[in-house]
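These are the residues of each chain, in order.
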Amino acid sequence: MSDMGLVVVGAAGRMGLALVRAVHETAGARVVAAIERPGSEAIGKNIGELAGLGPSGVKVSDDPLAAFAKADGVLDFTVPAASVEFAGYAAQARIVHVLGTTGFSADDNARIEAAARHATIVKSGNMSLGVNLLAVLVEQAARALAAGDFDIEILEMHHRHKVDAPSGTALLLGEAAAAGRGIPLSGNDVRVRDGHTGPRDTGSIGFASLRGGSVPGDHSVILAGNGETITLSHHAQDRAIFARGAVKAALWARGRKPGLYSMRDVLGL
Ligand SMILES: NC(=O)C1=CN([C@@H]2O[C@H](COP(=O)(O)OP(=O)(O)OC[C@H]3O[C@@H](n4cnc5c(N)ncnc54)[C@H](OP(=O)(O)O)[C@@H]3O)[C@@H](O)[C@H]2O)C=CC1
Ligand SMILES: O=C(O)C1=N[C@H](C(=O)O)C[C@H](O)C1
């Protein structure tokens, strides 16, 4: 089979450049286009040089439709509005869309689900092996420890540039905890505490978000009981872990029927 031709959208961003480097180190995949938004100062620049790999044959463009028409898949870590649009383009082109962007609204998610009728979409708030394994462990722990005995709190810290909270990963871990408890996360989540909050609601799942410095992503799920606390944690040291996961997802999705898949599907967890 020929190499999988991938478009990197948001190519000059923090994850975009990590994705270009991850594709470069992966056999069976190559970057065929690099897209940034119209007006970006990256337009026209060589993506290999921007990524520190030396000159490649691909210059950054602002024309996603032309790029998708010649590609087998898209790697997308951008912003919600752009990702929803890209999901529609991927559906038109009937290609793979690996979607790592976070911070979607319910309406955005409905539009992505609609696009997945024609595109093969792998969507996850975290593409690393470690976090997806952590989610399995969190689900098991939440199932084993009764809501009346152990309270679940999720703490995340990210770099100062991050714009959404709680992080996509924190929400993914919250969904895993809720699944373990056999409840929906929606309606049982507590995202903010301020002032006279009253005592904690039994069975609720709390979130706390910290922002600062250059932290690529730290997550802890704390199960707090009477007299003992269990903490399950993941610390990302390098964005390369997310980028490698995304490229793995693209190769896994190639040739699969359209639908909305998760990293747990990709990793067989
Ligand atoms: N699922 C996962 O494993 C991970 C997910 N993420 C998520 O990925 C997203 C991006 O993170 P990060 O790389 O740090 O952010 P950056 O801001 O560094 O990168 C986003 C890039 O997308 C570009 N962009 C915005 N709109 C468009 C558009 N319409 N067309 C093309 N490009 C566009 C931005 O350009 P400009 O700056 O000019 O607006 C920027 O270059 C976030 O939602 C983050 O939470 C991050 C890491 C891992
Ligand atoms: O914005 C980031 O940087 C990250 N975003 C994802 C999230 O929202 O969980 C994944 C990772 O933690 C880095």
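Thresholds, definitions, all that
Residues numbered from 1 in each chain as written. Chains lettered and ligands numbered in written order. Predicted model: local features only at pLDDT ≥ 70, side-chain atom pairs only at ≥ 80, totals over all residues. Heavy atoms only, no water. Helix = DSSP H or I, 4+ residues; strand = E, 2+ residues; numbered from the N terminus. Expected span 1.5 Å × (residues − 1). Buried < 20%, exposed > 50% of the residue type's maximum accessible area, 1.4 Å probe, protein only. Domains from an automatic or database assignment. Contact = heavy atoms within 4.5 Å. Buried area = accessible area lost by both parts, 1.4 Å probe. Salt bridge = Lys/Arg side-chain N within 4 Å of Asp/Glu carboxyl O. Polar contact = N/O pair within 3.5 Å; in protein donor to acceptor, adjacent residues only side chain to side chain. Near = heavy atom within 4 Å. Pairing = 2+ DSSP bridges.

Glancing now at helix α8 (residues 240–253). With 14 residues, α8 should cover 20 Å at 1.5 Å per step; its first-to-last C-alpha distance of 20 Å lies within 8% of that length. Among all positions of α8, only Phe242, Ala243, Gly245, Ala246, Val247, Ala249, Ala250, Trp252 and Ala253 are buried. In the segment just after α8, Gly255 is the residue with positive phi, at about 85 degrees.

Before going further, it helps to spend a moment on the domain arrangement of the chain. Along its sequence, the chain is carved into domain 1 (4–123 + 239–267) and domain 2 (129–236). Spacing between the C-alpha centres of domain 1 and domain 2 amounts to 28 Å. Contacts between domain 1 and domain 2 engage 9 residues on the former and 13 residues on the latter. Both sides together, the interface formed by domain 1 and domain 2 hides about 910 Å², and carbon and sulfur atoms give 58% of it. Three residues stand out in domain 1 for area buried against domain 2, namely Thr102, Arg239 and Arg264, and they jointly supply 49% of the buried area on that side. Our count for the contact surface shared by domain 1 and domain 2 stands at 1 salt bridge. Close ionic contact of Glu139 with Arg264 constitutes a salt bridge, the shortest N to O distance being 3.2 Å. Counting every contact that joins domain 1 to domain 2 gives 2 residue pairs in polar contact (both at pLDDT 80 or more).

With that out of the way, let us pick up the site of ligand 2. Looking at ligand 2, the residues that line it are Thr102, Gly125, Asn126, His158, His159, Lys162, Ser167, Gly168, Thr169, Pro216, His219 and Phe242. In the environment of ligand 2, an oxygen atom lies 3.5 Å from a nitrogen or oxygen atom belonging to the side chain of Thr102. Gly168 places a main-chain nitrogen or oxygen 2.8 Å from an oxygen atom of ligand 2.

Read from one edge to the other, the open sheet built from 5 strands follows the order β8-β9-β7-β10-β11, with strand pairing classed as mixed. For this open sheet the edge positions go to β8 (189–190) and β11 (229–235), each flanked by a neighbour on one side alone. The pairing of strand β10 (residues 218–224) with β11 spans 7 bridges and is classified as antiparallel. Note that in β11 the partner of Leu223 across the bridge is Ile230.

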